[in-house]
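Residue-level structural notes
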Amino acid sequence: MSTQEVLLGKSLPQLTQWITQQGQPSYRGKQLYQWLYEKGANSWQDMTVFPQKWRESQDNNIIGRSQINYCSIAPDQTRKYLLKLADGLIIEAVGIPTSKRLTVCVSSQVGCIMGCDFCATGKGGFTRNLKAHEIIDQILTVQKEFGERVSNVVFMGMGEPLLNLPEVIKAVKTINEDIGIGQRSLTISTVGLPQKILELAHHQLQITFAVSLHASNQEVREKLIPSANHYPLSQLLKECREYVKITGRRVTFEYILLAGVNDLPHHAKELAQHLRGFQTHVNLIPYNPISEADYQRPSKERVNDFLNQLKQENIAVSVRYSRGLEADAACGQLRIRS
Ligand code: SAH
Ligand code: SF4
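Here the residue index of a chain counts from 1 through its sequence in written order. Here every chain gets a letter starting at A, and every ligand a number starting at 1, in the order they are written. Restriction of local features to residues with pLDDT of at least 70 applies here, the model being predicted, together with a cutoff of 80 or more for giving and counting side-chain atom pairs; totals for whole chains, interfaces and linings are based on all residues. Excluding hydrogens and water, the side-chain values take into account all heavy atoms of the structure.

On to the packing of aromatic side chains. Two aromatic rings, drawn from Phe, Tyr or Trp (for Trp, its six-membered ring), form a pair once their centres lie within 6.5 Å of each other, and the interplanar angle then sorts them: stacked below 30 degrees, edge-to-face above 60, tilted otherwise. Applying the stated criterion across every chain yields a total of ten aromatic pairs. With a centroid separation of 5.2 Å and an interplanar angle of 70°, the aromatic rings of Y33 and Y37 are classed as edge-to-face. Of this pair, Y33 and Y37 are both found in helix α2 (residues 28–37), four residues apart, which corresponds to roughly one turn of the helix. Ring centres of F50 and W54 lie 5.4 Å apart, and the angle between their planes is 65°; on these two criteria the pair is classed as edge-to-face. Each member of the pair, F50 as well as W54, is classed as buried. A connected cluster of aromatic rings, assembled from ring pairs, spans W18, W44, F50 and W54. Both a distance and an angle decide whether a charge sits over a ring: NZ of Lys or CZ of Arg must be within 6 Å of the ring centre and within 35 degrees of the ring normal. Positioned over the ring face of W35 is K39, at 4.9 Å from the centre of the ring. Directly above the aromatic system of F146 lies the positively charged group of R79, at a separation of 4.1 Å from the ring centroid. Helix and strand definitions follow DSSP, with helices as H or I runs of at least four residues and strands as E runs of at least two, each counted in order from the N terminus. A 1.4 Å probe rolled over the protein chains alone gives each residue an accessible area, and that area as a share of the maximum for its type sets the label: buried under 20%, exposed over 50%, partly exposed in between.

Following this line, the structure appears as structure tokens:
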């Protein structure tokens, strides 16, 4: 079966065209659209609105849904799903509930080629890009499992979204137009790749754009992120400024705090110097331990000192303590499986 035939990711006119080609009346296109995106149907059996005989003649694979292979629930109610793709590969998606929101952390690739030293995904290597429907499926799965509408989507699961831009953009359009989640409630996070930030900017999306900076100078960044070797911090920051110019949207910088590595007062000072006059928000992420690396999370006191130092420099900044730590579902803890 070619992936072109997968229904998930198709718009209402495309679904209507498909169903009429199957000999069904065109009003059935709207029904199919609702069953796919509103009701999150997994199989033709679910879609009781269609004639039974016709449903029985259809192949479930064409719908484009993955299967839940495993789910673990952390004490804070964050749930990590292992999802099995049509070719048997496993990816991870995380549902993060709060009183007002349900956020899904989606994967964009199976594994990641970037090899960041503090990230479990990066330690496991890269297998393949996800197709748009495999990204969309993660949201529909979490929505159905929690029994409530997903309000936010963050591309912070496995993979580097800018290395799979066409499928990520396609998924963003469907999430926005067909699942009905506003672009401003979507976040794309990238470690940063030359030219790719500008390529994304030209799509003029209203999404929140986050860049994983993690270091206040080139030397530290290269130690943490191998690709930084070919992408000087100065060029990354220049392209981020261009992003702001092109889109009119601010850039969020993510900064993992690693004890003794990048969390010292002179790092905060250096960071503030880089970001002066920049329309930005800094998200400090205390490191989540992974077995493959021996970094330490700084003390709460150190985190607060770093935070306050940036505040004093008039930088908009907050701390993000990751959810789901106990279920290995927190940032950086998602692993490739076989
Ligand atoms: N590849 C993209 C998006 C996925 S990673 C990126 O790197 O931005 C999502 C976020 O989790 C990134 O900010 C990443 O740096 C962070 N992260 C990775 N490993 C982590 C760890 N061990 N502890 C805390 N955050 C981590
Ligand atoms: Fe890939 Fe992001 Fe992990 Fe780096 S932090 S290895 S870019 S997923």
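Without a salt bridge and with relative accessible area above 30%, a residue can belong to a patch; like charges are then joined within 9 Å and nonpolar side chains (Val, Leu, Ile, Met, Phe, Trp, Tyr) within 5 Å. Using a 1.4 Å probe, the Shrake-Rupley method yields the accessible areas, and only the shown protein chains count as cover for residues. Between Lys or Arg on one side and Asp or Glu on the other, a salt bridge is scored when a side-chain nitrogen of the former is within 4 Å of a carboxyl oxygen of the latter. Together, I113, F126 and L163 give the surface a local cluster of nonpolar side chains, amounting to about 260 Å² of exposed area. If you trace the backbone, I113 turns up in the loop between β5 (109–111) and α4 (120–123).

In this section: the site of ligand 1. By nearness alone, 19 residues border ligand 1, and F118, G159, S189, S212 and H214 come closest of all. At a separation of 3.2 Å, a nitrogen atom of ligand 1 approaches a polar side-chain atom of E160. Taking 530 Å² as the accessible area of ligand 1 by itself, protein coverage stands at 96%. Where the shell around ligand 1 is concerned, the elements lending two or more residues are β8 (186–190) and β10 (251–257). For this description, a residue counts as near a given molecule or strand if any of its non-hydrogen atoms is within 4 Å of it. Polar contact is the term for a pair of N or O atoms within 3.5 Å; when the atoms are in protein, one must be able to donate a hydrogen and the other to accept it, and sequence-neighboring residues count only if both atoms are side-chain atoms.

With mixed pairing, the ten strands of this open sheet are ordered in space as β1-β2-β3-β4-β7-β8-β9-β10-β11-β12. The sheet is open, and its two edges are formed by β1 (67–73) and β12 (317–319), each paired on a single side. Taken over all neighbouring pairs, the strand axes of this sheet differ in orientation by 20° on average, direction set aside. Here, strands pair whenever DSSP counts at least two bridges between them. Relative to strand β7 (residues 152–155), strand β4 (residues 102–105) is paired through three bridges, and the arrangement is parallel. When the bridges of β7 are listed, T103 appears paired with N152. Across the sheet, helix α5 (residues 132–146) touches β1, β2 (79–84), β3 (90–97), β4 and β7, and the angle it forms with β2 is around 130°. All axes here are fitted lines through C-alpha atoms, helices being fitted over the stretch that makes contact, and every angle between N-to-C directions spans 0 to 180 degrees. Between two residues, a contact is recorded if the distance between any of their heavy atoms is within 4.5 Å.

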